[in-house]
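Coordinates in review
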Amino acid sequence: GRAEHFIKYVGKRELLGAGLFTLAGSFLGAGLNGVIAFSLTSLFSLGIIYGIKRKIAGMTGDTIGALSELSELFTVLVGLILSGIIYA
């Protein structure tokens, strides 16, 4: 499927570059809270990926889409907690 392009052509170098770019943007946009949100979301995403790979031995387009949506929701939740709008 189309997920092959995301998996086949994206290696550690591309992932590191994208991560550093996003980390810099997070810091510039929200300071330390941005770095914390980035770090927590990265750990959350890696945990989801680990679970998916363990369960079905790979990623598909559906799992990539689900990961994207879950990561976005998690980032918003972390942002709301860090801003003090909601309390954990």
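To keep things clear, this report deals only with the structure shown in the data block.

Conventions used here
- Residues numbered from 1 in each chain as written.
- Predicted model: local features only at pLDDT ≥ 70, side-chain atom pairs only at ≥ 80, totals over all residues.
- Heavy atoms only, no water.
- Helix = DSSP H or I, 4+ residues; strand = E, 2+ residues; numbered from the N terminus.
- Contact = heavy atoms within 4.5 Å.
- Areas by Shrake-Rupley, 256 points an atom, 1.4 Å probe, with all protein chains shown as cover.
- Lys, Arg positive; Asp, Glu negative; His and termini not counted.
- Charge placed at Lys NZ, Arg CZ, Asp CG, Glu CD.
- Salt bridge = Lys/Arg side-chain N within 4 Å of Asp/Glu carboxyl O.
- Buried < 20%, exposed > 50% of the residue type's maximum accessible area, 1.4 Å probe, protein only.
- Patch = residues over 30% accessible without salt bridge, like charges linked within 9 Å, V, L, I, M, F, W, Y side chains within 5 Å.
- Axes fitted to C-alpha atoms, helices over the stretch in contact; angles between N-to-C directions.
- Parallel < 35°, antiparallel > 145°, perpendicular 65-115°, else oblique.
- Left-handed = near helix turned anticlockwise from the far one by under 90°.
- Phe/Tyr/Trp six-rings, centres within 6.5 Å; stacked < 30°, edge-to-face > 60°.

What follows is about the overall build of the chain. Check the secondary structure of the chain and you find 3 helices and 0 strands. In the chain, the order of α-helices and β-strands from amino to carboxyl end is α-α-α. Counted over contacts in the chain with a minimum sequence separation of 6, partners at least 24 positions apart contribute 48%. Carbon and sulfur atoms provide 70% of the accessible area of the chain, an area that totals close to 6,700 Å². In the chain, which carries 7 positive and 5 negative side-chain charges, the distance between the mean positions of the two groups comes to 10 Å.

Applying the stated rule across the entire model yields 1 salt bridge. Note that glutamate 14 is salt-bridged to arginine 13, the shortest N-O span being 3.5 Å. For glutamate 14, a relative accessible area of 35% corresponds to the partly exposed category. When its relative accessible area of 70% is taken as the criterion, arginine 13 is described as exposed.

On the surface, a nonpolar cluster with roughly 330 Å² of combined accessible area is contributed by Leu77, Ile81, Ile85 and Ile86. Positionally, isoleucine 85 belongs in the segment after helix 3 (61-83).

This part takes up the environment of isoleucine 48. Examined against the element boundaries, isoleucine 48 turns out to sit in helix 2 (residues 12-56). Sequence spacing of isoleucine 48 and serine 71 is 23 residues, and the spatial spacing of their C-alpha atoms is 9.2 Å.

Once that is clear, we can look at the packing of helix 2 against helix 3. Two elements in contact, helix 2 and helix 3, have axes separated by 9 Å at closest approach and are oriented at 150°. Considering their axes alone, helix 2 and helix 3 lie roughly antiparallel with respect to each other. In this structure, the crossing between helix 2 and helix 3 has a hand that is right-handed. In contact with Asn33, Ile36, Ala37, Leu40, Thr41, Phe44, Ser45, Ile48, Ile49, Ile52 and Ile56 of helix 2, helix 3 contributes Thr63, Leu67, Leu70, Ser71, Phe74, Thr75, Val78 and Leu82.

On to the packing of aromatic side chains, then. Each pair of aromatic rings is reported with the distance of its centres and the angle of its planes. Inspection of every chain in the model, using the stated rule, returns 1 aromatic pair. Arranged with centres 4.3 Å apart and planes meeting at 0°, the rings of phenylalanine 44 and phenylalanine 74 form a pair that is stacked. Placement of phenylalanine 44 in helix 2 and of phenylalanine 74 in helix 3 is noted, with a sequence separation of 30 residues between them.

Let's shift gears to unusual backbone geometry. Residue alanine 57 is not a glycine yet carries a positive backbone phi of 60°. When you line up the elements, alanine 57 lands in the loop between helix 2 and helix 3.

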